[in-house]
Amino acid sequence: MFGNPSIIVTIPDACRKVLSDDEGFKPGWPSSTVELIGKNSFISISYEEHKRLRRITAAPVNGHDALSMYVPYIEESVVSALDRWANMGQIEFLTQLRKLTFRIIVHIFLGAESEQVMQALERNYTTLNHGVRAMAINIPGFAYHRALKARKNIVAIFQSVVDERRERKKRNLLKSRRDMMDLLLDVEDENGRKLKDEEIIDLLVMYLNAGHESSGHITMWATILLQAHPQFLQKAKDFTPKAGSFLPFGAGSRLCPGNDLAKLEISIFLHYFLLNYE
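The structure presented is a predicted model; accordingly, all values stated were derived computationally and were not measured. (Residues numbered from 1 in each chain as written. Predicted model: local features only at pLDDT ≥ 70, side-chain atom pairs only at ≥ 80, totals over all residues. Heavy atoms only, no water.)

1. Quick look at the overall build of the chain
Stated formally: Only DSSP runs of H or I reaching four residues or more are called helices, and only runs of E reaching two or more are called strands; each is numbered from the N terminus. This radius of gyration counts C-alpha atoms alone. The globule rule is 2.2 Å times how many residues there are, raised to the power 0.38. The buried label goes to any residue with under 20% of its type's maximum accessible area, the exposed label to any with over 50%, and the partly exposed label to all in between, with areas taken from a 1.4 Å probe on protein chains only. Only heavy atoms enter the contact rule, under which two residues are in contact if any of them lie within 4.5 Å.
A tally of regular secondary structure across the chain gives 12 helices and zero strands. Counting from the amino terminus, the chain carries its helices and strands in the arrangement α-α-α-α-α-α-α-α-α-α-α-α. Expected size for 278 residues packed as a compact globule is a radius of gyration near 19 Å; at 20 Å, the chain falls within 12% of this value. Overall size of the chain, expressed as C-alpha extent along the three principal axes, is 55 × 45 × 45 Å. Out of the 278 residues belonging to the chain, those deemed buried represent 42%. Looking at the chain alone, contacts between residues at least 24 apart form 70% of all its contacts between residues at least 6 apart.

Here it is as structure tokens:
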């Protein structure tokens, strides 16, 4: 796996040890994956830089106050999607879920960008993901080669959005509702240092990728398993896992920065699906 001998850890205590021991266990993604997700993303930067970027970028997608303003849009998107799927006949569930979670995460990070931008990003992210764990063969016809081209397209789209936002800010044409892109452009650390364009773009590549892939897969399996075992549906509502035995979003300094948003998204979908659909 990843071109090296690998040990897969599944026992909760061992997982917690790996995730919480920053001295004993360092991030070790292959250079090919780093090339696709970005050298300034969380998967490839130092512990100190990770701590700095996490501190200044995670607040808008965590906590009650930050998340409450996203609830109406998520609910509207979920209800609309379910209604549409119900009239489509047979669908590929995971594909439709990923489209839904991608639309939500793009809205949160980029606001009301055009449908054309949304579709271009979704198409290129699909290609990018096919290459993230593929063999790093940069030859036409291979998944990694296609993924590198997709990343270039994604970076070009994000750069154009960054340039347009900076120009609007310069001309004082600010929107009433600020999205994550606006916050990334303005945020600075305790030393007054702001993010460079390449840092903002790599963070967006990472956040948008993680923000729809994981949520889509978790929602799919939760829905399928609860539908297959209705006797557990009521129990699930009252289920409280033993502390430390359930680590779906990691732990320690590498805890998923958007875990609150992901749990909100999944909960809203399950609420509407399980009450009204099969």
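From this point on, the discussion continues.
2. Observations concerning helix α12 (residues 259-276)
Think of an α-helix as turning once every 3.6 residues; residues three or four places apart then point the same way. Inclusion rule: A helix is expected to reach a length of 1.5 Å times the quantity of its residues less one.
Taking 1.5 Å per residue as the helical rise, α12 with its 18 residues ought to reach 26 Å, and the 26 Å between its terminal C-alpha atoms agrees with that figure. Every buried residue of α12 is accounted for by Asn259, Leu261, Ala262, Leu264, Glu265, Ile266, Ile268, Phe269, Leu270, Phe273 and Leu274.

3. Considerations on the environment of Ala251
Take Ala251: it is sitting in the loop between α11 (233-238) and α12. Linking Ala251 and Lys17, residues 234 residues apart in sequence, is a C-alpha distance of 9.2 Å. Apart from the residues within four sequence positions on either side, Ala251 is in contact with Leu19 and Ser20.

4. Digging into the packing of aromatic side chains
Keep this limit in mind: Note on aromatic contacts: the rings of Phe and Tyr and the six-membered ring of Trp form a pair at centre separations within 6.5 Å, being stacked when their planes are under 30 degrees apart, edge-to-face when over 60 apart, and tilted otherwise.
By the definition in use, this model includes eight aromatic pairs. Measuring from centroid to centroid gives 6.1 Å for Trp85 and Phe269, while their planes differ by 50°, and the two rings are tilted. Within this pair, whereas Trp85 is found in helix α5 (residues 71-86), its partner Phe269 is found in helix α12, the two being separated by 184 residues in sequence. For the pair shown, Trp85 and Phe269 are each scored as buried. Residues Phe93 and Phe269 carry aromatic rings whose centres are separated by 6.4 Å and whose planes lie at 45° to one another, so their mutual orientation is tilted. Remark: Phe269 occurs in helix α12 and Phe93 occurs in helix α6 (residues 93-110); sequence separation between them is 176 residues. Phe269 matches Phe93 in its accessibility class, with the two residues each being buried.

5. Details of the pattern of salt bridges
Here is the rule we go by: We define a salt bridge as a side-chain nitrogen of Lys or Arg found within 4 Å of a carboxyl oxygen belonging to Asp or Glu.
Throughout the structure, instances matching the rule amount to 14 salt bridges. For the salt bridge of Asp202 with Arg151, the shortest nitrogen-to-oxygen distance reads 2.7 Å. Placement of the pair is Asp202 in helix α10 (residues 197-228) and Arg151 in helix α8 (residues 143-170), with a sequence separation of 51 residues. Like Asp202, the residue Arg151 is buried in the burial classification. Ionic pairing is found between Lys263 and Asp260, a salt bridge with its closest N-O pair at 3.9 Å. Of this pair, Lys263 and Asp260 are both found in helix α12, three residues apart, which corresponds to roughly one turn of the helix. According to the relative accessible area criterion, Asp260 is partly exposed, its value standing at 27%. Connected via shared salt-bridge partners are Glu164, Arg165, Arg168 and Asp182.

6. A word on the environment of Asp179
Note on placement: Asp179 falls in the loop between α8 and α9 (180-186). Accessibility expressed as a relative area gives 1% for Asp179, which makes it buried. Between the alpha carbons of Asp179 and Leu110 there is a distance of 6.0 Å; along the sequence they are 69 residues apart.

7. A short note on the nonpolar core
Stated formally: The nonpolar core is taken to be a set of buried Ala, Val, Leu, Ile, Met, Phe, Trp, Tyr and Cys residues, with the residues joined through side-chain atoms within 4.5 Å.
Within the largest apolar cluster, 68 residues are counted, with the highest numbers of intra-cluster contacts made by Phe109, Leu121, Tyr125, Phe158 and Phe269. If one sorts the elements of this core by residue count, α6 sits on top with 11 residues.

8. A few points about the packing of α6 against α10
Where we set the bar: In this analysis, axes come from line fits to C-alpha atoms, helices being fitted only over the stretch in contact, and the angle between any two N-to-C directions falls in the range 0 to 180 degrees. Roughly parallel here means an angle under 35 degrees, roughly antiparallel means over 145, roughly perpendicular means 65 to 115, and every remaining angle is called oblique. Crossings are sorted by hand: turned counterclockwise from the far helix by less than a right angle, the near helix makes the crossing left-handed, and turned clockwise it makes it right-handed. When residues are grouped by polarity, Ala, Val, Leu, Ile, Met, Phe, Trp, Tyr, Cys and Pro land in nonpolar, Asp, Glu, Lys and Arg in charged, and all others, Gly among them, in polar.
One way to put it is that α6 packs onto α10 with a least axis distance of 8 Å and a crossing angle of 140°. Here α10 runs oblique to α6, going by the angle between their axes. Once α6 is placed against α10, the crossing between them reads as right-handed. Judged by residue contacts, Phe93, Leu94, Leu97, Arg98, Thr101, Phe102, Ile105, Val106 and Phe109 of α6 engage Leu204, Tyr207, Leu208, Gly211, His212, Glu213, Ser215, Gly216, His217, Thr219, Met220 and Thr223 from α10. When the residues that make up the contact of α6 with α10 are grouped by side-chain class, the tally is 11 nonpolar, eight polar and two charged.

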